[in-house]
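Architecture at a glance
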Protein chains: 2
Amino acid sequence: MSVPVGAGGTGEGPHHPDTPDPRRLSLNTATVKLRWDLARMIEGCARHGIRGIAPWRDKLAELGVAEAARRIRAADLTVTGLCRGGMFPAADDAGRRAAIDDTRRAVDDAATLGAQCLVLVVGGLPAGSKDLQGARAQVHDGIAAVLPHARAAGVPLAIEPLHPMYAADRACVNTLAQALDLCDALDPGGPGVHARRAIDGMPWAQASALGVAVDAYHVWWDPELDAQIRRAGAARLHAFHVCDWLVPTRDLLEDRGMMGDGVIDLRGLRRKVEAAGFRGLHECEIFSSRDWWQRDPDEVLDVMKARHAAHC
Amino acid sequence: MSVPVGAGGTGEGPHHPDTPDPRRLSLNTATVKLRWDLARMIEGCARHGIRGIAPWRDKLAELGVAEAARRIRAADLTVTGLCRGGMFPAADDAGRRAAIDDTRRAVDDAATLGAQCLVLVVGGLPAGSKDLQGARAQVHDGIAAVLPHARAAGVPLAIEPLHPMYAADRACVNTLAQALDLCDALDPGGPGVHARRAIDGMPWAQASALGVAVDAYHVWWDPELDAQIRRAGAARLHAFHVCDWLVPTRDLLEDRGMMGDGVIDLRGLRRKVEAAGFRGLHECEIFSSRDWWQRDPDEVLDVMKARHAAHC
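Residues numbered from 1 in each chain as written. Chains lettered and ligands numbered in written order. Predicted model: local features only at pLDDT ≥ 70, side-chain atom pairs only at ≥ 80, totals over all residues. Heavy atoms only, no water.

1. Quick notes on the sheet that holds strand β2 (residues 52–54) of chain B
All names here are of chain B. Applied cut-off: Strand pairing is defined by DSSP finding a minimum of two bridges between the two strands. Under the scheme used here, helices are H or I runs from DSSP no shorter than 4 residues and strands are E runs no shorter than 2 residues, and both carry numbers assigned from the N terminus. Here, residues are in contact when the closest pair of their heavy atoms is within 4.5 Å. Comment: axis = line fitted to C-alpha atoms, over the contacting stretch for helices; angle = value between 0 and 180 degrees taken between N-to-C directions.
Strand order in the open sheet formed by 9 strands is β3-β2-β1-β9-β8-β7-β6-β5-β4, and the pairing between neighbours is parallel. Two strands bound the open sheet, and with one partner strand each, they are β3 (78–79) and β4 (82–86). Pairing geometry for strand β7 (residues 210–215) and strand β8 (residues 237–242), over 4 bridges, is parallel. Each residue of the ladder has a partner; that of Ala213, found in β8, is Ala239. In this fold helix α6 (residues 176–186) packs onto β6 (157–159) and β7, with an angle of close to 165 degrees to the strand it touches most, β7. Of the strands in this sheet, β7, β8 and β9 (282–284) touch helix α9 (residues 266–275), which is tilted by about 175 degrees from β8.

2. Focus: the packing of aromatic side chains
We count it as follows: Pairing of aromatic rings covers Phe, Tyr and Trp, the last counted by its six-membered ring, and requires centre-to-centre distances within 6.5 Å; plane angles under 30 degrees mean stacked, over 60 mean edge-to-face, and any other angle means tilted. Partly exposed residues are those whose accessible area sits between 20% and 50% of the maximum for their type, while under 20% is buried and over 50% is exposed, using a 1.4 Å probe and protein chains only. Think of it as a cone above the ring: NZ of Lys or CZ of Arg counts as a charge over the ring if it is within 6 Å of the ring centre and within 35 degrees of the ring normal.
Under the definition given, this model contains 13 aromatic pairs over all chains. Between Trp221 of chain A and Trp221 of chain B the ring centres are 5.7 Å apart and the planes differ by 85 degrees, which places this aromatic pair in the edge-to-face class. Separated into two different chains, Trp221 of chain A in the loop between α7 (216–219) and α8 (225–236) and Trp221 of chain B in the loop between α7 (216–219) and α8 (225–236) make up a pair that spans both. As far as burial versus exposure is concerned, Trp221 of chain A and Trp221 of chain B are alike and both buried. Measuring from centroid to centroid gives 6.1 Å for Phe240 of chain B and Phe278 of chain B, while their planes differ by 70 degrees, and the two rings are edge-to-face. You can see Phe240 of chain B sitting in strand β8 and its partner Phe278 of chain B sitting in the loop between α9 and β9, a full 38 residues away along the chain. When sorted by exposure, Phe240 of chain B lands in the same class as Phe278 of chain B, which is buried. Through successive ring pairs, a cluster of aromatic residues spans Trp56, Phe287 and Trp293 of chain A. Geometry around Trp292 of chain A places Arg295 of chain A over its ring, the cationic atom sitting 3.7 Å from the centre.

3. Some points on the packing of helix α6 (residues 176–186) of chain A against α8 of chain A
Residues and elements named next belong to chain A. Note the threshold: Throughout, a crossing is termed right-handed when the near helix is turned clockwise from the far one, and left-handed when it is turned anticlockwise from it by less than a right angle. When residue character is reported, Ala, Val, Leu, Ile, Met, Phe, Trp, Tyr, Cys and Pro are called nonpolar, Asp, Glu, Lys and Arg charged, and the others, Gly included, polar.
The contact between α6 and α8 brings their axes to 9 Å, and the two run at 35 degrees. For α6 against α8, the interelement crossing comes out left-handed. Along its contact with α6, which presents Leu176, Ala177, Leu180, Asp181, Cys183 and Asp184, the element α8 presents Leu225, Gln228, Ile229, Arg231, Ala232 and Arg236. Of the residues in the contact of α6 with α8, the class split is 7 nonpolar, 1 polar and 4 charged.

4. Considerations on the interface of chain A and chain B
To keep it simple, the criterion reads: Buried area is calculated as the accessible area (1.4 Å probe) missing from two parts once they are joined, with the contributions of both summed. In protein, a polar contact means a hydrogen-donor-capable atom and an acceptor-capable atom, both N or O and within 3.5 Å, with residues adjacent in sequence counting only if both atoms are side-chain atoms; elsewhere, any N or O pair within 3.5 Å suffices.
Across the boundary between the two partners, chain A contributes 33 residues, which contact 33 residues of chain B. Taking both partners together, chain A and chain B bury about 2300 Å²; carbon and sulfur atoms supply 67% of that area. When the buried area of chain A at its contact with chain B is split by residue, Lys130, Trp221 and Leu252 of chain A rank highest and sum to 25% of it. Taken together, the connections running from chain A to chain B amount to 2 residue pairs in polar contact (both at pLDDT 80 or more). The biggest single contributor to the side of chain A that touches chain B is helix α5 (residues 132–153) of chain A, with 3 residues. Here the residues of the side of chain A that touches chain B sort into 14 nonpolar, 10 polar and 9 charged.

Any functional reading would require information beyond the geometric quantities listed.
Okay, here's the thing in structure tokens:
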């Protein structure tokens, strides 16, 4: 499939972060999860000229991973990430073991899909616990337990720091600095070892076994953002997610905005991750129970493409 | 007014942070704002043996600051803070000047009340702006413009870092580290210069002209929390606010929990601020449109006292 280069080229080609580039867009399946199944999503991406996809495992289960991988390859889509492994902290050993085993299975699925990374949403406090330090230690240990399997499978792990408003119930890793501290502790040196899929011939450094997913929604507020993106560098920047922060935000979970409808300087953020060496796709992930999830997914993809070109 | 020392004394007296101490509780007027006016709040604190109060300026306006100060003094209440000055970023110079002038008036009111500090909620992005760095620069300049007046009036300013979920619309200072960087830049050295009101003879270091308000709700998730509380130290720790983070949280603004109903390790946090030299009261500030604001304020104060003793 061939997609025309966006207007406004500067002569510097697709590397230049000020040039809209429709070839850089990827669809996270959460964005159209209510009205399409995975088969329709794959077909929809192909039809709309969207060149990447990031499936969630519930959608993967609809087709089975082998068939999903076959269809995604047939559509020539880059799998920008598999969502998700993690959720490590638990109240007892059995719970912790189950999370580690489940994340190992997710690694296998990511390998089958040829995913650029497995996204880790690390988990929050176990039920009834107020021990945030303890939960963070469990996350450290959980990632350590999964990492050898991920290395062997050739699947980079991407710790996704979530917004601090999810610290209790979804992820107790809440800043890039904290995620990168884990990377440095568990994958010291962090040399790039895993090949990445080049986008239209753009060179992209090899991926470290452990890195981060930078989601604009989760990190845009961080006073240390610029410094930590530089610190991550090409080898640890595994994924870049876009959407927007609405004002007001009416729900903590499912009121994310389409790019351009909120306050995040997405183009500025894109410049920063690309200046640090990121060369992957821009994955659009929008949880929006009242608005975008209610719309016709073909409309959502049309708007997503236009907003990506205008704002990312 | 005399209030009995809480049970469970260890012989170390009121300094020991593991000892429940009802004399350390203060009422932020937001907690009962819907059903009581300021006169009733002052009378209610006296009746319930609560020894501190932190008025918001809308409540102060009901009585006028001079009359409010008279009644608060008559009830022998410590004013743990005046809420609030700040909201510095604006789209134009007139807006910025208005915020600075308004904050200077708040300083005057805080001086009249003998408040331990003026709390600064610094403001978010101007309407239509995505320039977070620019807003943060405006906050720096706004505080710089107010600080000489606050020094002259003997009113310590307390920057309150707000939870990152308020970065867009309420405060673009979102971590203690960021607030303390502002303190170090604008009040270098930060020697204690303002006397504080001793609580039952407990020694408390003098206050810096510029410091911070540590609100459990806003900072509990921060991976750097311990280190930044130590960095702040006695001279910059101007206020300590308590409430709780509910799981789930159903509203970004008005769904805070009563101490003990959520996931924050409040006693652990109290230990940390007191280990760093904080000797002030524990100010209870709960925004809760669906629950606590609907209840009889006398019930709220009873529960607040019991929960303070059990959890703070």
